[in-house]
Amino acid sequence: MKIAMVGSGYVGLVSGACFADFGHDVVCIDKDQSKIDRLHDGIMPIYEPGLDALVENNVRAGRLSFTTSLAEAIADASAIFIAVGTPSRRGDGHADLTFVHAVAREVGENLSGDAVIVTKSTVPVGTGDEVERIIGETGTSHRFSVVSNPEFLREGAAIGDFKRPDRIVIGAEDDFGRDIMREVYRPLFLNESPILFTSRRTSELIKYAANAFLATKITFINEMADLCEKVGANVQDVARGIGMDNRIGPKFLHAGPGYGGSCFPKDTLALLKTAEDYDSPTRIVEAVVKTNDSRKRAMGRKVLEALGGAEAARGRKVALLGLTFKPNTDDMRDSPSIAIAQTLSDAGVELAAFDPEGMELARPLMPEVTMCADPYEAITGADATVIVTEWDAFRALDLKRVRELANAPVLVDLRNIYHPEDVRAAGFAYTSVGRL
Ligand code: NAD
């Protein structure tokens, strides 16, 4: 089957490469010429473990190619996926559908055969109807069906998630759409990945409901962490204790500096906007968004406290280990590190940082931070070292070396990756999240 993937970012490129690996004939399209040039040279525009090899193998096998020309790429394609960005619209928090609508129009104007147009981007309820209207408006004479197929992959584990998904959700309004989608995902049927067919609007809402629920889980355990600190309990044990209950489950119960990334912040906000538009308030999600927002700066204040308070912190140096919103990605969108760095810099703290993959994208977002070649360079002369992202590289720091290089043995572990007794035994003043 021929598939066109419009948008070759985290989702489009991973999905396109995986579909090619299933045996489909895939063309990935992007309007960013430099991205396509780099892909032609075998250079990945994003960091995602295993992606370079997957792309290389499928390009070599002749199943995967890249272009900036949508018209050429969609010719003969049975399925045309839209995987462009849907960021928060400036000012009001609604999902910005400019890119999705532009692609819909371009697809409609260039359809050269019957096709299913599949929205993989995360889009508010009703977007499929609008995409259908826009394509219809172009006057195309070809049969088309607009389907919703939200993506649930996680950056950093994207290929595994795509190839072995917990479920595939397909929102289709007719048999043409459903049949083509069955064909697209046939290799996964064989793997027995559960597939859920719903209406298009239901499918669109499932994606937002899933992200809002996960964001709620994280925010809930973060609040429990704060309470643990006050009452002298251990949040990791609380998480374990509740997570062993199958109705709750152990995942997404890691206390930390608050959720970030390219999805949860914008999707929770967009859900609030949809709820508002339909006069059906979602108070729980409202509270989650607010609580998470204030948490990021609160983590900055936690570091100031570890330095002896805001007064004492002025002019001191802090090393930030990890900047991306989670490990194994270079994605800096809405990372908690941005607000933490800002809070510290506002308090007159000098900042040095190291991140294995995120520094290039982080640099313009935090110009006040000196980027370093490795964690130890960042730690040199630091009055406090802060673990912001739990990259493996930070899980086994040479604590003796850290003590020697740092100006003061102060470790703030915002991801709870160390055992308090070990770090304290190594002579550190140690602060973590929700544990004494
Ligand atoms: P991204 O910004 O990494 O990629 C989007 C790409 O689309 C960019 O390369 C951009 O140049 C391209 N593009 C924009 N307009 C175009 C056009 N008219 N023609 C061709 N290309 C165009 O975004 P992403 O992280 O891949 O997210 C894409 C969508 O998937 C979003 O709706 C997002 O919410 C959703 N999603 C993302 C993730 C994730 O982990 N990143 C997971 C699930 C769902």
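Under an unreviewed UniProt entry, the chain has the name UDP-glucose 6-dehydrogenase and belongs to Erythrobacter litoralis. Entered under Pathway (unreviewed entry) in the UniProt record, the comment concerning the chain runs "Nucleotide-sugar biosynthesis; UDP-alpha-D-glucuronate biosynthesis; UDP-alpha-D-glucuronate from UDP-alpha-D-glucose: step 1/1."

> Can you explain the layout of surface pockets? Please cite residues and give values.
In this structure, the second largest pocket encloses a volume near 260 Å³. Lining the second largest pocket are 14 residues, and of these D226, E229, R295, A298 and M299 lie nearest its centre. Elements supplying a minimum of two residues to the lining of the second largest pocket: α10 (200-231) and α13 (283-306). Per-element accounting of the lining of the second largest pocket gives the leading share, nine residues, to α13. Inspection of the lining of the second largest pocket shows a minimum of three residues originating in each of domain 2 (208-289) and domain 3 (295-431).

> An account of the site of the ligand is requested, with residue identities and associated values reported.
The full set close to the ligand counts 25 residues, and D30, K35, T86, E155 and K266 are the nearest of them. Measuring from an oxygen atom of the ligand, one finds a backbone N or O atom of Y10 at 3.1 Å. Separating an oxygen atom of the ligand from a side-chain N or O atom of D30 is a distance of 2.6 Å. Across the complex, the protein chains shield 90% of the 830 Å² of accessible surface that the ligand would expose by itself. Elements with a contribution of two residues or more to the shell around the ligand: α1 (10-21) and α5 (98-110). For the shell around the ligand, the per-class residue count stands at nine nonpolar, seven polar and nine charged. Formed jointly, the shell around the ligand draws a minimum of three residues from each of two domains, domain 1 (2-198) and domain 2 (208-289).

> Run through helix α2 (residues 33-40), naming residues and quoting values.
Within α2 the residues assigned to the buried category are K35, I36 and L39. Each buried residue of α2 lies within a common arc of 95° when the element is viewed along its axis, so the set occupies one face.

> Could you give me a rundown of the packing of aromatic side chains, with the residues and numbers involved?
One pass over the structure, following the stated rule, counts eight aromatic pairs. Between F19 and F22, the ring centres sit 6.1 Å apart and the planes meet at 70°, which makes this aromatic pair edge-to-face. Ring-pair connections join several aromatic residues into one group, and the members of that group are F19, F22, F81, F162 and Y185. Its guanidinium or amino end placed over the ring of F176, R143 lies 3.9 Å from that ring's centre, counting from NZ or CZ. Directly above the aromatic system of F152 lies the positively charged group of R167, at a separation of 3.6 Å from the ring centroid.

> Would you mind going over the UniProt feature "active site" (unreviewed entry) in the chain in detail, with residue names and values included?
Within this numbering scheme, the UniProt entry marks C263 as carrying the feature "active site" (unreviewed entry). Structurally, C263 can be placed in the loop between α11 (235-243) and α12 (264-277). Aside from chain neighbours lying at most four places away, what touches C263 is N211 and T268.

> So what about the pattern of salt bridges? Which residues, and what values?
Pairing of side chains with opposite charge becomes possible as their charged atoms draw close. Per the counting criterion, the structure on display carries 27 salt bridges. Across the pair R201 and D129 runs a salt bridge whose closest N-O atoms are separated by 3.1 Å. A residue pair is termed long-range when its members are at least 10 positions apart, and R201 in helix α10 and D129 in helix α6 (residues 127-137) qualify at 72 residues. The class of R201 is partly exposed, set by a relative accessible area of 37%. Overall, D129 belongs to the partly exposed group, its relative accessible area being 31%. When the shortest N-O distance is used, the salt bridge between E155 and R333 registers 3.9 Å. Remark: R333 occurs in the loop between β9 (317-321) and α15 (336-346) and E155 occurs in the loop between β6 (144-148) and α7 (158-163); sequence separation between them is 178 residues. Overlapping salt bridges, with partners in common, bring together D129, E132, R200 and R201 in one network.

> Provide a residue-level description of the confidence of the model for the chain, including the pertinent values.
The share of residues in the chain with pLDDT of 70 or more is 100%, and the mean pLDDT across the chain is 97. Two summary scores accompany this predicted model of the complex, namely pTM at 0.96 and ipTM at 0.99.

> Can you lay out unusual backbone geometry for me, pointing to particular residues and giving the numbers?
If you check the backbone angles, F252 has positive phi at about 60° while not being a glycine. Structurally, F252 is set in the loop between α11 and α12. Phi at N328 is positive, roughly 65°, even though this residue is not glycine. Following the sequence through the fold, N328 ends up in the loop between β9 and α15.

What counts and what doesn't
- Residues numbered from 1 in each chain as written.
- Predicted model: local features only at pLDDT ≥ 70, side-chain atom pairs only at ≥ 80, totals over all residues.
- Heavy atoms only, no water.
- UniProt positions renumbered as here; feature names shortened; annotations may be inferred.
- 1 Å grid on protein atoms, 1.4 Å probe; cavity = no way out; pocket = protein on both sides within 12 Å on 5 of 7 lines; lining within 4 Å.
- Points joined across faces, edges and corners; volume = space filled by probe spheres on them.
- Helix = DSSP H or I, 4+ residues; strand = E, 2+ residues; numbered from the N terminus.
- Domains from an automatic or database assignment.
- Near = heavy atom within 4 Å.
- Polar contact = N/O pair within 3.5 Å; in protein donor to acceptor, adjacent residues only side chain to side chain.
- Areas by Shrake-Rupley, 256 points an atom, 1.4 Å probe, with all protein chains shown as cover.
- Nonpolar A, V, L, I, M, F, W, Y, C, P; charged D, E, K, R; others polar.
- Buried < 20%, exposed > 50% of the residue type's maximum accessible area, 1.4 Å probe, protein only.
- Arc of directions from axis to C-beta.
- Phe/Tyr/Trp six-rings, centres within 6.5 Å; stacked < 30°, edge-to-face > 60°.
- Lys NZ or Arg CZ within 6 Å of the ring centre and 35° of its normal.
- Contact = heavy atoms within 4.5 Å.
- Salt bridge = Lys/Arg side-chain N within 4 Å of Asp/Glu carboxyl O.
- pLDDT = per-residue confidence, 0-100.

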